[in-house]
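# Coordinate inspection notes
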Amino acid sequence: MTSTATHSDKNFFSADGKGTSVFRLFRNRFLTGLCVALSLLTLVPLFSIVILVIQNGCPLLSANLFTQLPPAPGMDGGGFGNAILGTLVMVGISLVFSVPLGILAAIFVNEYAPVSWLASAVRFVAKLLTGIPSIICGVFAFAAVVMTTHKFSALAGGIALAILILPTILLTAEQALLGVPYAFREASFGVGATPFQTIWRIVLPEAMPAIMTGVMLAVARAAGETAPVLFTALFSQNWIKGIMEPTASLSVLIYNFASLPYAYHIKLAWSASLVLVALVTLSNILAQVIFAPKHR
Amino acid sequence: MACLLASVLTITLLAFIVGEILFKAWPAISKFGLGFITGIQWSPNREVFGVLPVLIGTAASSFLALLLALPLGLAIALFLSEDFLPPAIRQIIRFVVELLAAIPSVVYGLWGIFVVIPLVQKYGALVAAKLGFIPFLAGPAYGNSLLTASLVLALMVLPTITAISRSSLVAVPYALREGSYALGATRWETILSVIIPTAAPGIVASGILAFGRAMGETMAVAMLIGNSQRLSWSLLSPSNTLSALLANQFAEADGIQVSALMYAAALLVLLTLGVNIAGEAVLRRTQKATAGLR
Amino acid sequence: MTTEASQHPLELTNDFAPGESNFIKVDNFKFFYGKKEALHGINLEIPSRKVTAFIGPSGCGKSTLLRNFNRMNELIPGVHHEGDITIHGTSIYDPSVEIIALRRRIGMVFQKSNPFPMSIFENIVYPLRIAGQNTRSVLEETVERCLRSAALWDEVKDRLHDSALGLSGGQMQRLCIARAVASRPEILLMDEPCSALDPIATAKVEELIIELKKDFTIVIVTHNMQQASRVSELTAFFYLGNLVEFDNTRKIFTNPSMKQTEEYITGRFG
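Here, residues in each chain are numbered from 1, in the same order as that chain's written sequence. Following the order in which they are written, the chains are lettered starting with A and the ligands numbered starting with 1. Where totals are concerned, whole chains, interfaces and linings use all residues; where local detail is concerned, this predicted model gives features only for residues with pLDDT of at least 70, and gives and counts side-chain atom pairs only at 80 or more. Hydrogens and water molecules were not included; the side-chain quantities draw on all heavy atoms of the structure.

The helix and strand inventory of chain A stands at 12 helices and zero strands. Viewed in the frame of its principal axes, chain A has a C-alpha envelope of about 100 × 70 × 35 Å. Counting over 296 residues, chain A shows a buried share of 52%. Accessible surface is estimated by sampling points in the Shrake-Rupley manner with a 1.4 Å probe; for residues, cover comes only from the protein chains shown. When the accessible surface of chain A is summed, it comes to about 13100 Å², and 70% of that surface belongs to carbon and sulfur atoms. As used throughout, the charge tally considers Lys and Arg to be positive and Asp and Glu to be negative, leaving His and the chain termini uncounted. Think of each charge as sitting on NZ of Lys, CZ of Arg, CG of Asp or CD of Glu. For chain A, the distance from the average position of its 15 positive side-chain charges to the average position of its 9 negative side-chain charges is 5 Å. Here a strand is any run of E in DSSP of at least two residues, a helix any run of H or I of at least four, and the numbering for each starts at the N terminus. Only protein chains enter the accessibility calculation, which uses a 1.4 Å probe; a residue is then buried when its area is under 20% of its type maximum, exposed when over 50%, and partly exposed in between.

Written out as structure tokens, the structure reads:
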């Protein structure tokens with residue numbers, strides 16, 4: 001150790017001489033702290049929303065809520081059974097349009113012509129459609145359906161929602177098909193199957209769970225949206241009688257009742273929020289669960 | 001064959017949407033022309049329609065929301081991409097952000113009415129009394145204001161910023177972090193001078209796409225912004241956005257007003273498409289650039 | 001402190017005695033990834049201003065040991081160590097040691113070159129800038145000194161402000177060497193610096209290593225035994241987390257005392 005004796009001071013690897021590293025280490029800690037603080041800051045509103053929705057939504061929670069009609073302004077009692085049903089009906093209508101269209105287009109893009117200009121055009125348009133504000137779907141359905149039939153209707157609301165969720169379904173279905181190993185297709189072609197048979201008997205069943213995930217995500221999205229149905233399905237105090245009638249939905253009910261001066265209606269809006277958030281969360285969880293066994 | 005048809009239908013859908021809206025907007029476009037964009041009056045009774053205040057409100061609320069959300073979103077994205085925290089806690093933060101994205105717009109609106117509006121009213125009045133000489137903070141302070149809408153919008157676009165920023169931060173090769181640490185850099189020096197600059201285009205893209213989302217966001221804004229077409233400098237005054245205008249007036253509109261609203265909708269489509277295409281272009285370039293680093 | 005140090009207070013000097021026999025001293029050092037023991041009590045003394053090569057088959061622990069000299073392994077979660085490593089007689093695990101200062105004194109070059117996506121100039125001055133040195137003249141001087149010592153100056157002097165990512169693979173690796181010497185370290189650690197390079201670029205880097213040992217204590221991990229014999233004066237052979245043999249390179253390659261070493265260098269395993 002003799003040769004090192006003259007050089008072994010304790011500070012050999014510490015401060016660079018001017019205390020710079022003290023400042024640098026302090027700055028390091030400070031920025032970490034700042035980052036923690038900013039992140040915690042976002043938790044505050046989130047917890048506030050969740051707690052308020054549960055707190056204000058629970059008191060009215062009962063079977064009546066799901067089976068009865070909304071009360072007249074100023075009156076108490078009743079529920080929003082018609083709005084729940086209306087939401088479900090319109091989401092159903094939107095699926096009828098968008099699921100076949102989305103999946104077929106995805107099959108075309110991925111199986112029949114993956115490198116054609118048409119396929120890239122479909123992908124590009126789907127990407128653009130995801131960026132279109134949801135209210136534009138409503139405006140379009142208003143122009144194309146409401147102004148033609150001269151009626152606010154569940155059909156118009158459903159079509160607006162269908163446009164909203166089409167890109168989600170198309171893009172997730174494309175990813176799902178992409179996830180099917182190419183070897184499966186080779187094996188099928190190898191035993192003499194036609195492309196049609198290969199797609200319908202081998203590829204689609206294999207991709208189904210992932211496609212369903214996309215559909216459930218789309219359901220969650222459609223159920224929570226207000227803007228597309230606001231002036232296409234409008235609202236109704238009564239049970240839905242046909243798809244060509246103005247129809248209530250949970251989200252529009254929240255919007256309408258939130259600004260009313262009646263305490264009971266505001267309570268109903270909170271309860272509807274609770275039900276809506278539960279519905280959306282449930283669809284999201286379902287999407288994850290369906291997806292889970294296949295790819296994790 | 002059916003598949004081909006579905007693809008063609010999907011492509012034509014966008015053209016159809018734009019075409020239909022333009023077609024219905026045509027009476028207003030031919031009647032008001034560009035004066036629609038520069039006009040500051042919106043009065044259906046007198047059949048005078050100008051959307052300049054609304055355009056300004058749209059840009060201002062989206063910009064303010066972005067200003068608030070970008071630092072928060074970036075902080076969370078850093079937490080999710082760097083190893084500050086054990087994986088379990090990162091998973092929780094991720095879940096929380098996803099939850100933020102899943103809450104319906106109208107529920108944000110309801111919450112905003114009962115939580116944010118009273119807060120803005122109370123503290124806005126205090127601020128306006130003290131700092132009212134600054135045009136941006138001039139009173140009287142309303143609860144239904146540009147500021148309220150922007151605060152809630154910031155929350156709503158946060159998940160967009162976090163998700164896209166995170167993926168571009170994760171794409172920064174580990175070798176660069178290692179290289180920086182080996183040169184004696186602290187964690188934050190590495191983050192600020194190597195990781196963030198490398199991921200910068202992706203972070204910018206997240207901001208652009210979040211801006212586009214904020215412009216199109218409807219319900220929460222319609223419930224909180226106060227829906228006033230009057231021009232004002234103050235953040236504490238009511239304002240309006242294109243999407244909120246559509247939400248509020250469509251159901252009861254008729255005649256030329258419908259056409260004017262269609263015109264406004266066409267403007268909204270044009271703006272959001274432009275912003276989104278710009279964002280996607282930046283994002284695509286980023287992905288190419290970081291692919292080159294590997 | 002030398003006069004040079006007083007001119008550039010943030011740059012460190014090389015004021016240790018050359019030729020110390022135990023410049024880096026590894027003392028019964030054990031290293032664990034979680035529960036797995038990767039190094040089983042290594043004892044080793046590395047002299048200064050010489051090139052020492054670590055050889056051995058994959059997974060033998062040579063890189064692990066190298067990465068402990070500047071405590072880079074601590075970036076991996078769940079690792080711990082026993083025993084000690086001293087440099088200049090100071091334990092690198094002493095509580096008074098600041099990791100950032102330690103790493104400034106020990107440059108490192110990685111298997112795959114990792115230039116930052118900035119200009120050539122900014123890459124080299126990065127270690128100075130983070131330490132708060134922003135004086136133009138000092139930065140320019142450093143860039144020229146480092147590029148010259150990495151034998152890159154003539155190739156890039158006209159495009160210092162172009163992106164470093166436009167360089168060839170071999171140039172990038174030499175740029176990383178230039179960057180590693182920018183903070184005037186005393187030790188250079190090289191973790192298979194040529195494994196991603198073609199033979200011509202490899203020859204240039206090897207030439208450079210021989211040149212650099214005048215000023216630096218170099219420890220190089222390599223898979224390439226010819227490389228070890230070409231560039232190093234001392235060679236340590238590792239196998240399964242143990243140091244099997246450490247001696248003069250010529251002795252290791254001509255007359256190893258351990259049977260395992262002989263089998264490895266003659267290519268019978270690994």
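Further notes follow.
Assigned secondary structure in chain B consists of 11 helices and two strands. In chain B, the order of α-helices and β-strands from amino to carboxyl end is α-α-β-β-α-α-α-α-α-α-α-α-α. Among the 294 residues that make up chain B, the fraction classed as buried is 59%. The contact criterion used throughout is that any non-hydrogen atoms of two residues lie within 4.5 Å. The contacts of chain B with a sequence gap of at least 6 include a subset with a gap of at least 24, amounting to 74%. As displayed, chain B has an accessible area near 11800 Å², and 70% of this comes from carbon and sulfur atoms. The average position of the 16 basic charges and that of the 11 acidic charges among the side chains of chain B differ by 4 Å.

Of all the nine residues making up helix H11 (residues 250-258) of chain A, eight are buried; the element is thus mostly covered by neighbouring parts of the structure. All of the buried residues in H11(A) are A:Leu250, A:Ser251, A:Val252, A:Leu253, A:Ile254, A:Tyr255, A:Phe257 and A:Ala258.

Residue and element names in this part refer to chain C. Between any two strands, pairing holds if DSSP finds at least two bridges. Pairing within the open sheet is antiparallel, and its four strands lie in the order E2-E1-E4-E5. With partners counted over all chains shown, the strands left at the sheet margins are strand E2 (36-46) and strand E5 (90-91), one partner each. Judged from the eight bridges that link them, strand E1 (residues 24-33) and strand E4 (residues 79-87) form a sheet pairing that is antiparallel. Note on E4: the bridge partner recorded for Lys 30 is Glu 82.

In this section: the interface of chain B and chain C. Quite often, the size of an interface is put as the accessible area lost when its parts meet. Counting residues at the interface gives 20 residues for chain B and 22 residues for chain C. In terms of surface lost to chain C, no three residues of chain B exceed B:Glu178, B:Ala182 and B:Leu183, which account for 36% of the buried area on that side. Here, a salt bridge means any side-chain nitrogen of Lys or Arg that lies within 4 Å of a carboxyl oxygen of Asp or Glu. Counting every contact that joins chain B to chain C gives one salt bridge. Across the pair B:Glu178 and C:Arg67 runs a salt bridge whose closest N-O atoms are separated by 2.9 Å. Two N or O atoms form a polar contact when they lie within 3.5 Å of each other; inside protein one atom must be a possible hydrogen donor and the other a possible acceptor, and for residues adjacent in sequence the pair counts only when both atoms belong to side chains. Taken together, chain B and chain C are joined by three residue pairs in polar contact (both at pLDDT 80 or more). Sorting elements by how many residues they give to the side of chain B that touches chain C places helix H7 (residues 174-182) of chain B first, with eight residues. As a working rule, the residues Ala, Val, Leu, Ile, Met, Phe, Trp, Tyr, Cys and Pro are called nonpolar, Asp, Glu, Lys and Arg charged, and the rest polar, with Gly in that last group. For the side of chain B that touches chain C, a count of residues per class yields nine nonpolar, seven polar and four charged. Note on terms: buried area is the combined drop in 1.4 Å-probe accessible area of two parts once they are placed together, counting the loss on both.

Moving on, we come to the side chain of B:Ser168. Mapped onto the secondary structure, B:Ser168 falls in helix H6 (residues 146-170). Ignoring sequence-local partners within four residues, the contact set of B:Ser168 consists of B:Ala199, B:Gly202 and B:Ile203.

Right, let's get into the interface of chain A and chain B. With 66 residues of chain A at the interface, the matching set in chain B holds 66 residues. Both sides together, the interface formed by chain A and chain B hides about 5900 Å², and carbon and sulfur atoms give 84% of it. Among the residues chain A hides against chain B, the three largest losses belong to A:Ile49, A:Phe140 and A:Tyr255. Together they make up 10% of the total. Summed over the shared surface of chain A and chain B, the number is two salt bridges. In this structure, A:Arg24 and B:Glu189 form a salt bridge, with 2.7 Å as the shortest nitrogen-oxygen distance. Linking chain A to chain B there are nine residue pairs in polar contact (both at pLDDT 80 or more). If one sorts the elements of the side of chain A that touches chain B by residue count, helix H2 (residues 20-57) of chain A sits on top with 20 residues. Considered class by class, the residues forming the side of chain A that touches chain B number 52 nonpolar, 11 polar and three charged.

Before going further, it helps to spend a moment on the packing of helix H7 (residues 154-178) of chain A against helix H1 (residues 2-32) of chain B. For any two helices packed against each other, one specifies the crossing angle of their axes together with the interaxial distance. Working convention: axes come from line fits to C-alpha atoms, limited for helices to the stretch in contact. Angles between N-to-C directions cover 0 to 180 degrees. Closest axis-to-axis distance for the H7(A)/H1(B) pair is 12 Å, and the angle between their directions is 150°. One element, H7(A), and the other, H1(B), form an angle in the roughly antiparallel class. In this structure, the crossing between H7(A) and H1(B) has a hand that is left-handed. Only B:Thr10, B:Leu13 and B:Ile17 of H1(B) make contact with H7(A), whose side of the interface consists of A:Ile163, A:Leu166 and A:Leu170. Split by residue class, the contact of H7(A) with H1(B) holds five nonpolar, one polar and no charged. What sets the label is the angle itself: under 35 degrees gives roughly parallel, over 145 gives roughly antiparallel, 65 to 115 gives roughly perpendicular, and the rest give oblique. Left-handed describes a crossing whose near helix is turned anticlockwise from the far helix by less than a right angle; the clockwise case is right-handed.

All names here are of chain A. The predictor attaches a confidence to each residue, called pLDDT, with possible values from 0 through 100. Chain-level statistics for chain A give a pLDDT mean of 87 and a share of 91% at 70 or above. In the model, residues 1-11 has pLDDT below 50 throughout and makes 20 contacts with residues more than four positions away in sequence or in other chains. Ignoring residues within four places in sequence, the model shows residues 14-18, a span with pLDDT below 50, making 11 contacts including any to other chains.

Bringing the nonpolar core into the picture now. Membership of the largest hydrophobic core comes to 171 residues, with the highest contact counts inside it found for A:Phe80 and B:Phe36. Looking at this core, the element that brings in the most residues is H7(A), giving 15 residues. Structurally, this core is a two-domain feature, drawing no fewer than three residues from each of domain 1 (14-57) and domain 2 (66-295) of chain A. The contacts of A:Phe80, once residues within four sequence positions are left out, are A:Leu65, A:Gln68, A:Leu250, A:Leu253, A:Leu268, A:Ser271, A:Ala272 and A:Val275. One finds C:Ile177, C:Leu212, C:Phe216 and C:Met225 within the second-largest nonpolar core, a separate group that totals 47 residues. Definition used in this section: a nonpolar core is a set of buried Ala, Val, Leu, Ile, Met, Phe, Trp, Tyr and Cys residues joined via side-chain atoms within 4.5 Å. For every domain, the bounds stem from an assignment made automatically or drawn from a database.

What follows covers the domain arrangement of chain A. All names here are of chain A. According to the domain assignment, chain A contains domain 1 (14-57) and domain 2 (66-295). A separation of 38 Å is found between the C-alpha centroids of domain 1 and domain 2. Residue-level contacts link five residues of domain 1 with five residues of domain 2. Roughly 460 Å² of surface becomes buried between domain 1 and domain 2 when both sides are summed, with 76% attributable to carbon and sulfur atoms.

The definitions used throughout rest on a 1 Å grid laid over the protein atoms alone, on which a cavity is an enclosed set of points accommodating a 1.4 Å probe that cannot get out and a pocket is an open set flanked by protein within 12 Å on both sides along at least five of seven lines; lining residues are those having an atom within 4 Å of a point. Grid points are joined across faces, edges and corners, and a volume is the space filled by probe spheres set on the points. Evaluated as defined, the whole model comprises three cavities of 30 Å³ or more. As a volume, the largest cavity reaches approximately 50 Å³. Taken together, A:Thr87, A:Met90, A:Val91, A:Leu161, A:Ala222, A:Ala223, A:Glu225, A:Val229, A:Ser249 and A:Ser251 make up the lining of the largest cavity. The element contributing the most residues to the lining of the largest cavity is helix H4 (residues 81-112) of chain A, with three residues. Its residues assigned to classes, the lining of the largest cavity comprises six nonpolar, three polar and one charged. What the second largest cavity holds in volume is close to 40 Å³. As for the second largest cavity, its lining consists of B:Gly179, B:Ala182, B:Leu183, C:Met108, C:Val109, C:Phe110, C:Asn114, C:Cys176 and C:Arg179. For the lining of the second largest cavity, the secondary structure elements donating two or more residues are H7 of chain B together with strand E6 (106-109) and helix H7 (169-180) of chain C. Split into classes, the residues belonging to the lining of the second largest cavity amount to six nonpolar, two polar and one charged.

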